[in-house]
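Breakdown of the fold
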Amino acid sequence: MTLFDRDLFEIWRWILAVACSVYAIVVTIRWLAGWLTYLGEPQRERALMRRYIVLHLLRLRGGHFQSELMRIVAYGTGIVVVYWLHEFI
């Protein structure tokens, strides 16, 4: 099956998904680069902010974070399994 054998709406959805994904990645990288530049300045206030951020990252509770992450992975796996079963039924 070639690209031209598909429905026009399916091609449009694929192009839109790729464009939105690339846009989200570019915006996220620019946002992160902006924050890293801002926090990288050698001013006293920025140094305090860096220490504050590091402190809160170190205080992050691994158990709670791990349980939430495992729940997200389980829900994602469930969605993939349902989609996979939908393709074969």
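Residue indices begin from 1 for each chain and proceed along its sequence in written order. In keeping with the model being predicted, local features are shown solely for residues with a pLDDT of at least 70 and side-chain atom pairs are shown and tallied solely at 80 or more, while totals for entire chains, interfaces and linings include all residues. Computation of side-chain values: all heavy atoms of the structure, hydrogens and water removed.

Once that is clear, we can look at the overall build of the protein. Helical segments are the DSSP runs of H or I of at least four residues, strand segments are the runs of E of at least two, and each set is numbered from the N terminus. The helix and strand tally for the protein stands at 3 helices and 0 strands. Note on method: radius of gyration uses C-alpha positions; expected globular size equals 2.2 Å times residues raised to 0.38. A compact globule built from 89 residues should have a C-alpha radius of gyration of about 12 Å, whereas the protein, at 21 Å, is more than 25% larger. Over its C-alpha atoms, taken along the principal directions, the protein stretches across nearly 60 × 30 × 15 Å. A burial count over the protein gives 4% of its 89 residues as buried. For the purpose of counting charges, residues Lys and Arg are taken to be positive, whereas Asp and Glu are taken to be negative. His and the chain ends are not included. Here the site of a charge means atom NZ of a Lys, CZ of an Arg, CG of an Asp or CD of a Glu. Here the protein carries 10 positive and 7 negative side-chain charges, and the mean point of each set is 19 Å from the other. The cut-offs for exposure are 20% and 50% of the maximum accessible area for each residue type, with area from a 1.4 Å probe on protein chains only; residues under the lower value are buried, those over the upper are exposed, and the others partly exposed.

For the rest of this paragraph, the subject is the pattern of salt bridges. Only one rule defines a salt bridge in this text: a Lys or Arg side-chain nitrogen within 4 Å of an Asp or Glu carboxyl oxygen. Tallied over the full model, the rule gives 2 salt bridges. Of the charged contacts in the structure, one is a salt bridge between R46 and E41, with a shortest N-O distance of 2.1 Å. Accessibility expressed as a relative area gives 29% for E41, which makes it partly exposed. Residue E68 is joined to R71 by a salt bridge in which the shortest nitrogen-to-oxygen separation is 3.3 Å.

The next thing to look at is the environment of L16. Checked against the element boundaries, L16 lands in helix α1 (residues 8-39). Separated by 30 residues in sequence, L16 and R46 have C-alpha atoms that sit 39 Å apart.

The next thing to look at is the packing of α1 against helix α2 (residues 44-59). In this description, a line fitted to the C-alpha atoms serves as the axis of each element, helices being fitted only across the stretch in contact, and the angle between N-to-C directions of two axes falls anywhere from 0 to 180 degrees. Following both chains from N to C, one finds α1 and α2 inclined at 120 degrees, their axes separated by 9 Å at the closest point. The orientation of α1 relative to α2 falls into the category oblique. When α1 is examined against α2, the residues W35, Y38 and L39 are found in contact with a partner set consisting of R46, M49, R50 and I53. Note that Gly is not counted as nonpolar here; it falls among the polar residues with everything else outside the nonpolar set of Ala, Val, Leu, Ile, Met, Phe, Trp, Tyr, Cys and Pro and the charged set of Asp, Glu, Lys and Arg. For the contact of α1 with α2, a count of residues per class yields 5 nonpolar, no polar and 2 charged. Reported orientations rely on four angle classes, namely roughly parallel under 35 degrees, roughly antiparallel over 145, roughly perpendicular from 65 to 115, and oblique for the rest. Contacts: residue pairs with any heavy atoms within 4.5 Å of one another.

The next thing to look at is the confidence of the model for the protein. Residues at a pLDDT of 70 or more form 94% of the protein, whose mean pLDDT is 88. Every residue carries a pLDDT, the predictor's confidence in it, which falls somewhere between 0 and 100. Within the protein, no element has a lower average pLDDT than helix α3 (residues 62-88), which sits at 88, and none a higher one than α1, at 93.

Here we come to the packing of aromatic side chains. Stacked, edge-to-face and tilted labels apply to pairs of Phe, Tyr and Trp rings (six-membered ring for Trp) whose centres lie within 6.5 Å, assigned for plane angles under 30 degrees, over 60, and everything in between, in that order. Applying the stated criterion across every chain yields a total of 1 aromatic pair. When the ring of W35 is compared with that of Y38, the centres are 5.6 Å apart and the planes differ by 90 degrees; the resulting orientation is edge-to-face. Taken together, the positions of W35 and Y38, both in helix α1 and 3 residues apart, correspond to about one turn of that helix. Classification of Y38 as partly exposed rests on a relative accessible area of 32%.

Right, let's talk about the side chain of R46 for a bit. Looking at the element boundaries, R46 is found in helix α2. Polar contacts, as counted here, are pairs of nitrogen or oxygen atoms within 3.5 Å of one another; within protein the pair requires one atom able to donate a hydrogen and one able to accept it, and residues that are adjacent in sequence qualify only if both atoms are side-chain atoms. Polar side-chain contacts of R46 include one of 3.1 Å to the side chain of Y38. Excluding residues within four positions of it along the chain, R46 makes contact with Y38, L39 and E41.

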